[in-house]
Amino acid sequence: MTVSLNINYTDNHDDPLRQFDLYLPQIHNNSVLICFIHGGAWRSEDKKDHAQLAHSLVTATGYSVAVPNYRLTPPDNSDSAFHHPLHASDVHRFLDFVLAARDLPSSFILIGHSCSAHMLASIFLDSTKSCVQPPLRPSHNLLNAVKAIILSEGIYDLDSLVATFPDYRAWFILPAFGPAQSYQKYSVLNYPLLPNSNIRWLLLHSKGDTLIDIPQTKAMYHHLHSLDDTKVSIDVDRLTDEHDDILRTPLYVDLVAKFTASLLE
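An unreviewed UniProt entry annotates the protein chain as BD-FAE-like domain-containing protein originating from Panaeolus cyanescens.

Peer 1: Just checking my understanding: could you explain the overall build of the protein chain for this structure?
Peer 2: Across its full length, the protein chain carries eight helices and eight strands. The C-alpha atoms of the protein chain give a radius of gyration of 17 Å, which matches the 18 Å a tight globule of 265 residues would have. Viewed in the frame of its principal axes, the protein chain has a C-alpha envelope of about 50 × 45 × 35 Å. Burial analysis of the protein chain (265 residues in total) assigns 56% to the buried set. Sequence separation of 24 or more characterises 76% of the internal contacts of the protein chain that already satisfy a separation of 6 or more. Looking at charge distribution, the protein chain has the averaged site of its 19 positive side-chain charges lying 5 Å from that of its 29 negative ones.

Peer 1: It is not clear to me how the packing of aromatic side chains should be interpreted in this structure. Could you clarify?
Peer 2: Two aromatic rings are characterised by how far apart their centres lie and by the angle between their planes. Taken as a whole and assessed by the stated rule, the structure comprises twelve aromatic pairs. Relative to Tyr186, the ring of Phe177 has its centre 5.1 Å away and its plane inclined at 50°; by these criteria the two rings are tilted. Taken individually, Phe177 and Tyr186 each receive the classification buried, so the pair is uniform in this respect. In this structure an aromatic cluster arises from ring pairing among Trp42, Phe165, Tyr168, Trp171, Phe172, Phe177, Tyr183 and Tyr186.

Peer 1: Which parts of the structure should I look at to understand the pairing of strand E8 (residues 232-235)?
Peer 2: Residues in a regular strand point their side chains to alternate faces of the sheet. Direction of pairing for strand E7 (residues 200-204) relative to E8: parallel, over a ladder of four bridges. Residue Leu204 lies in a different strand from E8, and its bridge partner there is Asp235. In this fold, E7 hands off to helix H7 (residues 214-227), which returns the chain to E8; that crossover is right-handed.

Peer 1: Even after reading the chapter, I still don't get helix H2 (residues 86-100), so can you show me in this structure?
Peer 2: Compared with an ideal rise of 1.5 Å per residue, which puts 15 residues at 21 Å, H2 spans 21 Å between its outermost C-alpha atoms and is within 8% of the ideal. Within H2 the residues assigned to the buried category are His87, Ala88, Ser89, Asp90, Val91, His92, Phe94, Leu95 and Val98.

Peer 1: What is the right way to look at the pattern of salt bridges in this model?
Peer 2: For side chains bearing opposite charge, pairing can occur when the charged atoms are close. Scanning the model with the defined rule gives nine salt bridges in all. Linking Arg18 and Asp15 is a salt bridge whose minimum nitrogen-to-oxygen distance equals 2.8 Å. Both residues of the pair, Arg18 and Asp15, count as buried. Between Asp90 and Arg18 there is a salt bridge, with the nearest N and O atoms lying 3.8 Å from each other. Note that Asp90 is positioned in helix H2 and Arg18 in the loop between strand E1 (2-8) and strand E2 (19-24), a separation of 72 residues in sequence. Assigned by exposure class, Asp90 and Arg18 land together as buried.

What counts as what
Residues numbered from 1 in each chain as written. Predicted model: local features only at pLDDT ≥ 70, side-chain atom pairs only at ≥ 80, totals over all residues. Heavy atoms only, no water. Helix = DSSP H or I, 4+ residues; strand = E, 2+ residues; numbered from the N terminus. Rg over C-alpha atoms; globule rule 2.2 N^0.38 Å. Buried < 20%, exposed > 50% of the residue type's maximum accessible area, 1.4 Å probe, protein only. Contact = heavy atoms within 4.5 Å. Lys, Arg positive; Asp, Glu negative; His and termini not counted. Charge placed at Lys NZ, Arg CZ, Asp CG, Glu CD. Phe/Tyr/Trp six-rings, centres within 6.5 Å; stacked < 30°, edge-to-face > 60°. Pairing = 2+ DSSP bridges. Right-handed = clockwise from strand over helix to strand, strands pointing away. Expected span 1.5 Å × (residues − 1). Salt bridge = Lys/Arg side-chain N within 4 Å of Asp/Glu carboxyl O.

Rendered as structure tokens:
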């Protein structure tokens with residue numbers, strides 16, 4: 001396996017929060033690039049935290065894996081203007097960058113965990129009615145490049161999340177989205193499919209997750225199923241570890257690998 005670290009995806013070469021790591025299999029397979037977007041409540045984690053997962057995914061799938069950073073909400077809330085969708089805009093920019101790279105595959109499988117499930121859904125569902133700036137609408141080429149999106153332990157509806165976990169409002173929702181009575185306009189459960197989208201979706205959630213409740217994932221499944229019942233699958237029965245611990249389990253890697261293989265059938 002070949003690993004290239006800290007590749008810039010913007011013109012600012014001194015910004016570690018807008019770099020990515022690339023893991024290439026020994027026998028180069030140029031058909032698919034898996035992109036894992038980390039979680040961390042819009043305010044923590046780093047691409048290096050997921051090096052072992054990237055290695056495991058390369059081994060299990062035979063595909064290249066890219067793991068980007070993106071700018072985070074400051075933990076001390078020192079920058080009150082750094083709100084959604086700026087985190088997701090960085091992810092969007094990263095995807096545009098790797099799509100334009102001549103030496104990388106032009107077909108993507110995206111994996112979003114926790115808050116990045118919300119980010120990917122905000123980009124690849126139609127979030128234009130939420131009036132966020134800058135807009136997150138992908139180009140035609142990027143939309144066509146994404147063959148599947150795997151979302152695990154996802155956050156999809158902020159209001160229902162806060163109703164279940166009231167402390168989350170002050171801890172990370174308000175810092176990441178700004179003050180509001182309701183965050184309904186950011187609920188991806190309200191977003192329709194983008195025109196000509198052929199993305200397949202897999203939703204995963206662990207029975208042992210105490211940080212994000214399974215009803216978040218079930219609600220997202222029902223929403224996507226209502227939009228196109230042939231392109232969405234769900235598994236909330238087999239994973240049993242805690243929120244982040246699932247990423248270190250062979251079962252998680254196996255579920256991703258089997259779903260990825262099924263796309264070629």
